[in-house]
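As a plain string of letters, each chain reads:
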Amino acid sequence: ANNSTTAIQAGTGLVTLLAAQGIGAGTTITNVTATNTASGNISIVDTAGGLNVSTGGVNQTGTGTVGITATGGTLNVNDTVQSGGAGTITLTATGATSDVVVATTKSVTSAGGNIAINADRDITLAGTGTVITSGTGTLTLTADADASATGAITANNSTTAIQAGTGLVTLL
């Protein structure tokens, strides 16, 4: 479904993407779950003005990367985004009022890969929401990625919200 920026259209319905060798999807949807089980990357670029990672989350059990972009709206992580390998997880929300929000009790987790979260406005880890990598993986959270002088990182979970093994943590 990587042949167009709007190859998958579903309005407010849930789209579940399952593969063994990678997922590449240009979408205009509201709710998504995805699982890749062997090799290849997960790449979801949505242009509907906002995207929700819904019940079932996004799971990379293979060795590839995970990239999820909400163009022109907020990316709500309402279920866990995880990678079992060393592939990088990148979550991005573009647009002047676009945020990345990790819901309470949900996480963005990598078993050793890097994690980058970029929002043109705010990054919020609500309640007990977390961003965690282990091993030498790094964490980079960039609020105000469009340099418009608006943006903040809010983590409501005190000392356990943002964790890296021996990797570097960068908050911008």
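Bear in mind that the values here come from a model prediction, so they are computed numbers and not experimental data.

## So, the pattern of salt bridges
Charged atoms that come close allow side chains of opposite charge to pair. Counted by the stated rule, this structure contains 1 salt bridge. Of the charged contacts, one joins D99 and R121 as a salt bridge, the two residues approaching to 2.9 Å between their closest N and O atoms. You can see D99 sitting in the loop between strand 8 (89-94) and strand 9 (100-102) and its partner R121 sitting in the loop between strand 11 (115-119) and strand 12 (123-125), a full 22 residues away along the chain. Overall, the relative accessible area of 10% leaves D99 in the buried class. You can call R121 partly exposed: its relative accessible area is 28%.

## A word on the environment of V169
On the secondary structure map, V169 appears in strand 17 (residues 169-171). Sequence separation between V169 and I115 is 54 residues; the distance between their C-alpha atoms is 9.6 Å. Excluding anything up to four places from it in sequence, V169 contacts L139, I162 and A164.

## Quick look at the pairing of strand 13 (residues 130-133)
Where strand 10 (residues 107-110) lies against strand 13, 4 bridges are found, and the strand directions are parallel. In the sheet register, S107 faces strand 13, and the bridge partner there is T130. Bridge analysis of strand 13 against strand 16 (residues 162-164) gives 3 bridges, and the strand direction is parallel. The partner of T133 across the bridge, within strand 16, is A164.

## Considerations on the side chain of S110
Mapped onto the elements of the fold, S110 is located in strand 10. Residue class for S110 comes out buried when judged on its relative accessible area of 3%. At 2.7 Å, the side chain of S110 and the backbone nitrogen of G113 are in polar contact. Excluding its chain neighbours within four sequence positions, the residues that come into contact with S110 are S83, G85, G87, I89, I115, I132, T133 and S134.

## Examining the environment of T47
The topology assignment puts T47 in the loop between strand 3 (42-46) and strand 4 (50-60). Taking C-alpha positions, T47 is 29 Å from A111, a pair spaced 64 residues apart along the chain.

## Thoughts on the nonpolar core
Counting 34 residues, the largest nonpolar core has I68, L75, V81 and L91 as its most contacted members. Residue contributions to this core peak at 5 residues, all from strand 2 (residues 23-36). Beyond its immediate chain neighbours, meaning those up to four positions away, L91 contacts I68, L75, V77, V81, V100, V108, A116, I117 and N118.

## Some remarks on the pairing of strand 14 (residues 139-142)
Examined bridge by bridge, strand 11 and strand 14 share 4 bridges and lie parallel to one another. Across the sheet, residue N118 finds its bridge partner in strand 14, namely T142. With 3 bridges joining them, strand 14 and strand 17 adopt parallel strand pairing. Among the inter-strand pairings, T140 is bridged to a residue of strand 17, identified as T170.

## Here's the deal with the confidence of the model for the protein
Considering every residue of the protein, the mean pLDDT works out to 90; 93% of them sit at 70 or more. The element-level mean pLDDT for the protein is lowest in strand 1 (residues 8-19), coming to 80, with strand 6 (residues 74-77) highest at 98.

Cut-off values and rules
Once a new chain begins, its residue numbering starts again from 1 and follows that chain's sequence as written. For this predicted model, a pLDDT threshold of at least 70 governs which residues receive local features, and a threshold of 80 or more governs which side-chain atom pairs are given and counted, while totals over whole chains, interfaces and linings are taken from all residues. Computation of side-chain values covers all heavy atoms of the structure but excludes hydrogens and water. Here, a salt bridge means any Lys or Arg side-chain nitrogen found within 4 Å of an Asp or Glu carboxyl oxygen. Runs of H or I in DSSP of at least four residues are treated as helices and runs of E of at least two as strands, each being numbered from the N terminus. Categorising residues by exposure relies on relative accessible area from a 1.4 Å probe, with only protein chains included: less than 20% of the type maximum marks a residue as buried, more than 50% marks it as exposed, and the intermediate range marks it as partly exposed. Residue contacts are counted whenever heavy atoms from the two residues lie within 4.5 Å of one another. Whether two strands pair comes down to DSSP finding at least two bridges between them. Here a polar contact is taken to be a pair of N or O atoms separated by no more than 3.5 Å, where protein atoms must pair a possible hydrogen donor with a possible acceptor and residues adjacent in sequence count only if both atoms sit in side chains. For the purposes of this section, nonpolar cores are sets of buried Ala, Val, Leu, Ile, Met, Phe, Trp, Tyr and Cys residues that join through side-chain atoms within 4.5 Å. Think of pLDDT as the predictor's per-residue confidence, scored from 0 to 100.

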